[in-house]
Structure formats: structure tokens, C-alpha cells
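Per-entry structural report
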Amino acid sequence: MTGTGSSHPLRSRLRSLRPAAFGADPAGERWERILRSPNFSDGSFQNPVGARTRPSGSSMIEFAKIYFRKEARARRSPIGVVPVHATTLADLAKPPASGLRLTWMGHSSVLAEIDGRRVLFDPVWGERCSPYSFAGPKRLHPVPVPVAALGPVDVVVISHDHYDHLDLPTIKALASTDTVFAVPLGVGAHLERWGVSADRLRELDWNDSTEVAGLRLTATPARHFCGRGLRNQQHTLWASWAVAGPEHRIYHSGDTGYFPGFKDIGAEHGPFDATMIQIGAYSEYWPDIHMTPAEGMRAHLDLQGGRPSGAMLPIHWGTFNLAPHPWAEPGEGTVSAAAGAGARIALPLPGQPFEPTAASVPSELWWREVATAPAEGWATAAGTGSPEVAPTA
């Protein structure tokens, strides 16, 4: 089988003409390694549990009607300026007292300071999650700090190659540093095209681990898909990540639908001091590849052995408009799910550092100040988790 590794002259010329943001196809030894992967069969990477990746046929027409409905569109964006933490850099200048600190930069981008090392998950600093500067979902709040101002990062971790997780301008900015990149199998081809040298890449299949600066990083399974170009060939892997230091353990879900494998990940690599769980951009039209807040809470509990231990940071929401649900719904749903489970959740502003093992974590429902309230009112009282019916506008 030649596949992507083929050196056909016409195919090579066509690849050289496509936009840089599309990245590159795996080839050579990288492609041979993909072919040997136990997770690759029938010409593509396979999910741990079957998954539909997009609406099709009549459901696509139904989705389009809902997505472009005027009243629904109004609720999918904030109605005011999204607040961003004002003193991020000053706060980061002080070391975390507990040895573990997380700073949510928006969407799925998180800076994790763990046992004296710094890990940057899915850094997206671009204005749009798109291959084009003039089209595609636009950022709903500014980045809390410039990526260049973050200072040294020991390892950048990428969950998969979709535009809202792997951002060309951000990677190019980081390529000029000394940081190491830990990525799922096949994703390294994109990074090499964008200027990251091969010796700084740690490219992992599911359940592979690598050691970076005293941290053990393991690519763990996820239920999703990949693709940046005009064709989604499923030739790059998607992953969640477990990171273990001498004292602390953390988990980043990347993008994933719910599946029973969370229990196995928790048993093998947990329990975790903190989990970063995708709870936004879900829809009944793609129920297998993104989790609802209730499913995200279920995943968190599975990862913790069924107990509401550690802190959960909800990610993959608030920054880009990627689904038909109201902008504030993922936050509200996570609060309700946590209250029902008795679980600890952190609700920081973008850019607000917090220590998951500290006596308290951010708990204000900050999005309500800039969101359209549901007609029936907010379901819980801010900061308490108790029922509340707010007056309608």
C-alpha cells in the first residue's frame, strides 16, 4: 500500500500548492509508522467506539435551518464584552504555592504549571479558527496575554489537528523557541512544514508515553476525528493526554465524545488532581464526537474512579461560536451537572490562574453578565448551585 507515502510527481506538485494552513500529509517513515499502528485500519485511524463525525442527508438540512434561525443566532454570541482577567502575567510571575496551577486562556488552551514545569495545551492565539484570515469562526474575546509574553514553556501538547486546536500562527510563534511538542501520531507532519524541527517532536500513538523535563506525558484514547484540508482522510490521530509529575497528575480531554474508555484511562493514569474536560460545541447532530456538560461530568467522574475528587476545569467553550447551542449553555450545564454530582469545578475568567488543590477555586458565574438570559431564567443562583428563577428581560 502506497497511500499518502506515495511519491507520485503530480500528487507532490499539488501538495506543494495548497495553503500552508492545511499542513502536510504524513509520508516516509511517519507514514510507515501509521500503517503499523493498531489503531489504523481500512485506510484510516479508527475510534475506540464507532462515531458519526457530521450530520448528513436530511439531518444536514435540518441543522442548517436551526443554525441560521435568527433568534437562535442571537443567543449563540455574548451580548457584551467578555471579561478577561486583567493581571495574568503578574499572577504567573509568582510560583504556585501548591506546585500545581492552571490558567485557561480560552477554548481548549490551558497553561499548566506542574511540579516546576510548564505545559501548554492546544495553544490557539489566532483571531479565527480557520485556514483563512477573512473567514471562519472569529474569537469572541481577546487572548489574555500575548503568547510571546508567556515565557519559557517546557512542552506544548496538541490533542488533534482541527483548526481550533492546532493554530498555524501560534505554532509558528512557538517554533522559534526551544520548547518540545508532544503530538498524536501523524500530526508532526504539519509541524515540520511550519518550521518545527523533527528533533523537538514527540509523536505518540495511543497509550504511548514520553518523558519531557521530568514529566511523563501519555497520549490516551479519545472519540473524535481529524482533518485540515479539503478531504478528511483520517491520516492523523486524535488523543486526550495524561501528564504526571513527581507530585501531581492532570488530564486534558482534547475533543471527544463520551465513551467507556475514560474509566480505563483513570484506572491506569489517575486519579488526577485536575481534569480539563470538553463541555462545549456539542449538538444532537454530532452526538458521538463532542460531549455535553452532563457527559463531561460523567467523564470526569469516570477518570476519578467514580468519585467526585479533584477539580474539573470546563474547556472548549466561550471563545468561538462552533455549535447551535446558546453561548452560555455549556457553563450553565456544567454548574448543574457538578451540583448533581457533588463535584468540584473551577470557573475562571479567561486568563485567571488558579490552583486546583487550593482551599477554593474560582466559582463566579461570570458569563451571565454578558449573556442573554433564558426565557425561563437562570437555573442556579450564582456561586451557590441552588435553584433560582431570574426575572426575564
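A short tour of the structure in this document, coming up.

Procedures and definitions
Residues numbered from 1 in each chain as written. Predicted model: local features only at pLDDT ≥ 70, side-chain atom pairs only at ≥ 80, totals over all residues. Heavy atoms only, no water. Pairing = 2+ DSSP bridges. Helix = DSSP H or I, 4+ residues; strand = E, 2+ residues; numbered from the N terminus. Contact = heavy atoms within 4.5 Å. Salt bridge = Lys/Arg side-chain N within 4 Å of Asp/Glu carboxyl O. Buried < 20%, exposed > 50% of the residue type's maximum accessible area, 1.4 Å probe, protein only.

Spatial ordering of the open sheet is given by S8-S7-S6-S5-S4-S3-S16, a layout of 7 strands whose pairing is mixed. Two strands in the sheet have a free side with no partner beyond their single neighbour: strand S8 (201-204) and strand S16 (353-354). Sheet topology places strand S6 (residues 155-157) next to strand S7 (residues 180-184); 3 bridges connect them, and they run parallel. Each residue of the ladder has a partner; that of Val 157, found in S7, is Ala 182.

Turning next to the environment of Pro 330. You can see Pro 330 is positioned in helix H10 (residues 329-341). Taking the C-alpha atoms as reference, Pro 330 lies 8.3 Å from Ala 281; in sequence the two are 49 residues apart. Apart from the residues lying within four places of it in its own chain, the contact partners of Pro 330 are Ile 279, Gly 280, Tyr 282, Pro 293, Trp 317 and His 325.

Throughout the structure, instances matching the rule amount to 10 salt bridges. With a closest N to O distance of 2.7 Å, Arg 30 and Glu 192 form a salt bridge. With Arg 30 in helix H2 (residues 28-36) and Glu 192 in helix H7 (residues 188-193), the pair connects residues that are 162 residues apart, well separated along the chain. The exposure class assigned to Glu 192 is partly exposed, which follows from its relative accessible area of 36%. Salt-bridge contacts for Asp 208 lead to Arg 33; the nearest nitrogen and oxygen are separated by 3.3 Å. Highlighted residues: Asp 208 in the loop between S8 and strand S9 (209-212) and Arg 33 in helix H2, separated in sequence by 175 residues. Using a relative accessible area of 28% as the deciding quantity, one classes Asp 208 as partly exposed.

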